[in-house]
Amino acid sequence: MTQNKRIHIVGIDGGGVHRLAPHMLDIITGADVVCGSARLLNDYTPSAHQHIHQWVSPFADNMDIIRNFISADKTIAI
């Protein structure tokens, strides 16, 4: 059985996206949706096919948004 991994959680330190290991950057650049804080998203240039979602407050409100992306069969990098 093949698993379809649709959510990937990537930890990014203060050095930002550009200091990620190549395989971690591949996860982000290959995702349909990239979710994160304004600080992290400002450090990333999405491709034309990607949707960017900046976290909203309260944080719990992001869960419905993420569920919608999952329902649409999107891969997500958080």
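For clarity, every value in this text was computed on a predicted model and none was experimentally measured.

Procedures and definitions
- Within every chain, residues take consecutive numbers counted from 1 along the sequence as written.
- Under the rules for a predicted model, residues below a pLDDT of 70 receive no local features and side-chain atom pairs below 80 are neither given nor counted, while totals for whole chains, interfaces and linings still include all residues.
- Only hydrogens and water are removed before side-chain values are computed, so all heavy atoms of the structure are retained for them.
- Grid points spaced at 1 Å over the protein atoms alone were grouped into cavities, where a 1.4 Å probe fits but cannot get out, and pockets, open sets with protein on both sides within 12 Å along at least five of seven lines, with lining residues defined by an atom within 4 Å of a point.
- Grid points are joined across faces, edges and corners, and a volume is the space filled by probe spheres set on the points.
- Only DSSP runs of H or I with at least four residues qualify as helices, and only runs of E with at least two residues qualify as strands; both kinds are numbered from the N terminus onward.
- Two strands form a pair only when DSSP identifies at least two bridges running between them.
- The contact definition used throughout considers only heavy atoms, calling two residues in contact when any of these lie within 4.5 Å.
- Orientation is described by axes fitted as lines to C-alpha atoms, over the contacting stretch for helices, and by angles from 0 to 180 degrees between their N-to-C directions.
- Note on classification: 1.4 Å probe, protein chains only; a residue is buried when its accessible area is under 20% of the maximum for its type, exposed when over 50%, partly exposed between these limits.
- Each C-beta atom gives one direction from the helix axis, and the arc is the one those directions make.

Moving on: the layout of surface pockets. Taken as a whole, the largest pocket holds about 170 Å³ of empty space. Together, 14 residues line the largest pocket, and I12, V34, C35, L40 and I78 are the ones closest to its centre. Elements with a minimum of two residues in the lining of the largest pocket: β2 (33-36) and α2 (38-41). With 3 residues, the single largest contributor to the lining of the largest pocket is β2.

Next up on the list: the sheet that holds strand β4 (residues 76-77). Here we have 4 strands laid out as an open sheet, ordered β1-β4-β2-β3, and parallel in their pairing. Strands with a single pairing partner mark the edges of an open sheet, and in this sheet they are β1 (7-8) and β3 (51-54). In the sheet, β2 pairs with β4 via 2 bridges, with the strands oriented parallel. Across the sheet, V34 pairs through a bridge with A77, a residue of β4. Taken strand by strand, helix α3 (residues 62-71) contacts β1, β2, β3 and β4, and its axis lies near 165 degrees from that of β3.

With that out of the way, let us pick up α3. Of all the positions in α3, only N62, I66 and F69 are classed as buried. All buried residues of α3 lie within an arc of 55 degrees about the axis, which places them on one face of the element. What points out from α3, more than 90 degrees from its buried face, is the exposed set N68 and S71. Packing partners of the buried residues in α3 comprise β1, β2, β3 and β4. Trailing α3 by a residue or two, D73 shows a phi angle of about 60 degrees, which is positive.

Here we come to the pairing of β2. Burial of β2 is two-sided: the residues V33 and C35 facing one way and the residues V34 and G36 facing the other way are all buried. Summarising the sheet, β2 and β3 pair through 4 bridges and their orientation is parallel. Bridging across to β3, C35 finds its partner in H53.

Our focus in this paragraph is the environment of L20. Mapping L20 onto the fold places it in the loop between β1 and α1 (22-30). Assessed through its relative accessible area of 15%, L20 is described here as buried. Sequence separation between L20 and P58 is 38 residues; the distance between their C-alpha atoms is 28 Å. When residues no more than four places from it in sequence are discounted, the contact partners of L20 are V10, G11, I12, L25 and I28.

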